[in-house]
Amino acid sequence: MPKYALRVNGKRVNVDSWDPDQPLLYILRNSLGLHGPKFGCGLGQCGACTVLIDGKAVRSCVTPIHQVSNRAITTIEGLGTAEQPNAIQAAFISEQAAQCGYCTNGMIMAAQALLDQSPHPTLEQIKNALGGNLCRCGTHTRILNAVLRVARA
Amino acid sequence: MDDVGLSRRAVLRNGAALVVSFAIGSMLPKRSLAQSGSRTFDVDSFLAIHEDGSVTIFTSHVDVGTGIATVFRQTAAEELGIPVERFTVVEGDTATTPDHGGTGGSTGVPRGAADIRRAAATARQALLELASARMNQPAADLVIEGGEVRPKEGGAGIPAAALIGGKRFSLKVDPNAPLKSPSTYTTVGKPILRADVPLKCSGRLIFLQDWTVPQMLHGRVVRPPSFGAKLRSVDESSVRAIPEVRIVRIESFLGVAAKDEWAAVRAARELKASWSEWQGIPASDDLERYLRESAAGPDQVVVNRGDAVAALSSAAKPMSATYYWPFQSHASMAPSCAVADARDSGTTIWSSTQNSFGLRANLAKVFAIPLEKLRVIFLDGSGSYGSNGAEDAAADALLLSRAVGQPVRVQWMRHDELGWDPKGPVQLLDVRAAMDASGNIQAWETQMWLPGGPTGARALIGPESAGMKQGHGQGAGLMTANADPPYSAPHVRVVAHNLKDTPLRLSNLRAPGKIANVFAVEGFTDELAAAAGMDAAAFRRRALTDPRALAVIDRATAMIGWQPRPSPNPNPNQGAYRVGRGIAYMRYKQAENYVALAAEVAVERVTGKITVRRITCAHDCGLIMNPDGLRNQVEGNIMHTLSRTLHEQVRFDHSKVTSVDWSSYPVLRFPEAPTIEVALIDHPDQPPYGAGEAASAPVAAAMANAVFDATGVRLRRVPFAVEQTRTLLARA
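Residues numbered from 1 in each chain as written. Chains lettered and ligands numbered in written order. Predicted model: local features only at pLDDT ≥ 70, side-chain atom pairs only at ≥ 80, totals over all residues.

Engineer: Please explain the overall build of chain A as it appears in this structure.
Structural biologist: Counting secondary structure elements, chain A contains 5 helices and 5 strands. Across chain A, the fraction of contacts at a sequence separation of at least 24, relative to all contacts at a separation of at least 6, is 57%. (Helix = DSSP H or I, 4+ residues; strand = E, 2+ residues; numbered from the N terminus. Contact = placed C-beta atoms within 7 Å.)

Following this line, the structure appears as structure tokens:
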């Protein structure tokens, strides 16, 4: 079975995939046990599966494994833990910016990519950056407040 | 993560032997304490105090992202006098939790928390008596604080864990156990933070979708191209190139299972199958006629006060309008999922169902499994807002697990979820009213048309395809509430026409019925106010007497800076936009929460695009259990319903749902998210109501009323898509 060398959350790992077109999401979740990225649509439409690749927010559900060899992949597990969250995660926790939490991974990863590029975005810039990430519980207000909290820090 | 699948015994395993010198306090048993079918529960079925001082709450009510588990912890902590951080909650496990109702209808607080409160209050009395014997002091002189029973006068105490830790109370819940007075609360009413949020924000919470068991295969279903199609043949060679795929065919049920999830996904996608043609439902663009013309049961008279029909026929200027709410999907972020492990010795289902006991009962019946050999365990899923595809996914997983003889995890694909979840019903409402010369409502009539069918459990898709015998219930919740105006009127009549059939399977979806009824009632009330030339808020205030109703209206209007005047706005123009404001009020189910909502919108003249600038909401649900959790729910209700109002409508042709992804079933996105300001009005002296639905009910009417104020155009049809607004604006 073809092997792929990945860099995930700062570590080098080798994974197998019988299909070079297997989306990265399944590799992360099933081969590497990284369950932070979620399957929401498999179509790149909702953002629940978002990870960072070389610092950019990418939809792992439509990113074939063969395209990501040796690129730096960061999942939400690589940002921080429940006990030691990074700044964005801490802001989400302070704002209690989650209901069901299924979209939260994508929100935090998209916000991370935005703030890495542009540390002090306006509310409009944040709304646009998160425009491709769907939330069904209606937690938008809190998510925006959480990202603003970091943007204004 | 392992605890979830283990027995209650394991949860309680730190129960090493203590010398027991009193009747209550025998060791926690090695059997399940789950109880059902009786409203007289044991304290032990709700609560276990462990030797280390931690406490587990057991409940059939589940937290689908609403924060209700935190409310349960606060409730029990308050009554027991044990710090809230020591509490954890086991939810919806048919082997270990008492069956005191499923999640739905905003009952988590008034029923779920109330049951836990009485159990904890009974337990507190027992702890006081145990300590009384141990300390040789009257129980009345003792108090429990910080997890210790100690004399009121001060002095050394005994930890609750030392009195009962690891042992059982062996008491029935006493419905008359003295309850703490809300005026003394220290935990209930505080913004206690949710324990799940840090885990969700770090990718560490184990969702159902993340759950695995040994030997588990990944399953996917292959649904037919139309609802009634029969499977004719399957070409197994079409997936031969995909590794280790097993194909399961049971009559017209078709599914695949594979070790590798991606193999299952590809196999389900690529498997060639031949199906019969089927066309058997009306299309979504022709539903109004379908609703009016289809066979219905006898008229259901919901409200009949005075003689509305006579008053309307003799009125000088009766008004009438038709309002429409479409079929909508739960459209959960996570497609429905389940893990099933079917064995002769017993079957286990992991599910994010809102009703574990209901699912167990239905699966037991349909699959002919003895109840005691079937266990359903709730795990967190994505927000469901009612009964989505979770139960169907459980049946799919069970069908596959039985067929392959291994545990199977089924996760639906996006098109499965939007195409096959049972839907929130379509609803058509004709409203008529007449006012006197001073603009007082004299007569009001609401007639509604609702799709319907038999009562009882909903048919499960997989078993239906597999030709298994089952019921075909079409319940969708309390659909007729809030269809009468909350305003004084001598003649009021509400009639429901319940159809005998439905194009799509029905299900509860957040504020079922109330959401359409309040849209019609509050939209039409606004039409009356405008016809009377009165300010919309003043028109409502004048016809209300309940001070709590007036208080929410006053608060919401004050927050948005409401200037009294009739609608439409005499000066609406702001560049390319027309701006306006609207209000809607309701009391949920005419008996629970009071909510008033005011909105400010801008409508782009050329395109018809509605931008919601601000929403203010005043919310009174009685005693507030957790203000931060409540605020989160109220904000969520508003934003979720804004999405339903502006965008959502299930589309289907004569054979299938055609809105099966996020572009054909669009939902609200961040750039559209308005500023939402919420005022919570606390009434510690009043009973608490749930808040999972109420604030959603007035949203659509507030929007429609604001659009009317801005443009003079009345929106009576959800969703308020730009095409509708643009067409109406062009005609105006």
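Engineer: Any chance you could explain unusual backbone geometry here in plain terms?
Structural biologist: Glycine aside, the phi torsion of most residues is negative, and most peptide linkages are trans. Residue B:Pro568 follows B:Ser567 across a cis peptide bond; omega there is 0°. Within the fold, B:Pro568 resides in the loop between helix H16 (547–560) and strand E21 (573–574). Unusually for a residue other than glycine, A:Asp54 sits at a positive phi of about 50°. Mapped onto the secondary structure, A:Asp54 falls in the loop between strand E3 (50–53) and strand E4 (56–59). Assessed through the 11 C-beta atoms surrounding it within 10 Å, A:Asp54 is described here as exposed. (Buried ≥ 20, exposed ≤ 12 C-beta atoms within 10 Å, placed from the backbone.)

Engineer: Just to check I follow, could you spell out the sheet that holds strand E2 (residues 55–59) of chain B for this structure?
Structural biologist: One key point about sheets: their strands pair by backbone hydrogen bonds, in either a parallel or an antiparallel sense. Residue and element names in this part refer to chain B. Spatial ordering of the open sheet is given by E1-E2-E3, a layout of 3 strands whose pairing is mixed. Sheet topology places strand E1 (47–49) and strand E3 (87–91) at the edges, where each strand pairs with a single neighbour. Going across the sheet, the axis of each strand differs from the next one's by a mean of 20°, ignoring polarity. Sheet strands touched by helix H3 (residues 68–80): E1, E2 and E3. Its angle to E3, the strand with the most contacts, is close to 125°. (Pairing = 2+ DSSP bridges. Axes fitted to C-alpha atoms, helices over the stretch in contact; angles between N-to-C directions.)

Engineer: Can you walk me through the domain arrangement of chain A in this structure?
Structural biologist: Reports of interface size often rely on the accessible area that becomes lost once the parts have come together. Residue and element names in this part refer to chain A. Per the domain assignment, the segments making up chain A are domain 1 (3–78) and domain 2 (87–151). Taking only C-alpha atoms into account, the centre of domain 1 sits 21 Å from that of domain 2. With 14 residues of domain 1 at the contact, the number on the domain 2 side is 13 residues. Counting only elements with at least two residues in the side of domain 1 that touches domain 2, the list comes to E3 and E4. A per-class count over the side of domain 1 that touches domain 2 returns 8 nonpolar, 4 polar and 2 charged. (Domains from an automatic or database assignment. Nonpolar A, V, L, I, M, F, W, Y, C, P; charged D, E, K, R; others polar.)

Engineer: Sorry, what's going on with the sheet that holds strand E15 (residues 347–351) of chain B here?
Structural biologist: All names here are of chain B. Within the open sheet, the 7 strands sit side by side as E9-E10-E7-E17-E14-E15-E16. Their pairing is mixed. Only two strands of the sheet have a single partner each, and these edge strands are strand E9 (245–250) and strand E16 (374–378). Going across the sheet, the axis of each strand differs from the next one's by a mean of 25°, ignoring polarity. By the bridge criterion, 4 bridges tie strand E7 (residues 217–221) to strand E10 (residues 253–258) in an arrangement that is antiparallel.

Engineer: Quick question: what am I supposed to make of the interface of chain A and chain B here?
Structural biologist: Contact with chain A, which involves 49 residues of that partner, is made by 47 residues of chain B. Looking at the side of chain A that touches chain B, the elements that each hand over two or more residues are helix H1 (24–31), helix H2 (87–94), helix H3 (104–117), helix H4 (123–129) and helix H5 (140–151) of chain A. Broken down by class, the residue content of the side of chain A that touches chain B amounts to 21 nonpolar, 22 polar and 6 charged.

Engineer: Sorry if this is basic, but what is going on with the domain arrangement of chain B here?
Structural biologist: Residues and elements named next belong to chain B. Looking at the assigned domains, one finds that chain B contains domain 1 (2–193), domain 2 (209–277 + 336–411) and domain 3 (510–731). Taken together, the 16 residues of domain 1 in the interface contact 14 residues of domain 2. Counted by class, the side of domain 1 that touches domain 2 contains 4 nonpolar, 9 polar and 3 charged residues.

Engineer: When you look at the packing of helix H14 (residues 514–531) of chain B against helix H18 (residues 699–711) of chain B in this model, what are you seeing that I'm missing?
Structural biologist: Between two packed helices, both the angle of their axes relative to each other and the distance between the axes serve to describe the pair. All names here are of chain B. At a minimum axis distance of 8 Å, the contact between H14 and H18 shows a crossing angle of 30°. Relative to H18, the element H14 lies roughly parallel. Note that H14 runs across H18; the crossing there is right-handed. Between H14 and H18, the residues in contact are Val518, Phe519, Glu522, Gly523 and Asp526 and Ala700, Ala701, Ala704, Asn705 and Phe708, respectively. Of the residues assigned to the contact of H14 with H18, the class counts are 6 nonpolar, 2 polar and 2 charged. (Parallel < 35°, antiparallel > 145°, perpendicular 65-115°, else oblique. Left-handed = near helix turned anticlockwise from the far one by under 90°.)

Engineer: Got a minute to help me understand the environment of B:Leu287 in this structure?
Structural biologist: Residues and elements named next belong to chain B. On the secondary structure map, Leu287 appears in helix H8 (residues 287–293). In this structure Leu287 comes out as buried when scored by C-beta crowding, with 20 C-beta atoms within 10 Å. Remark: the alpha-carbon pair of Leu287 and Leu428, spanning 141 residues in sequence, is separated by 9.1 Å. For Leu287, the contacting residues outside a window of four places in its chain are Pro282 and Val426.

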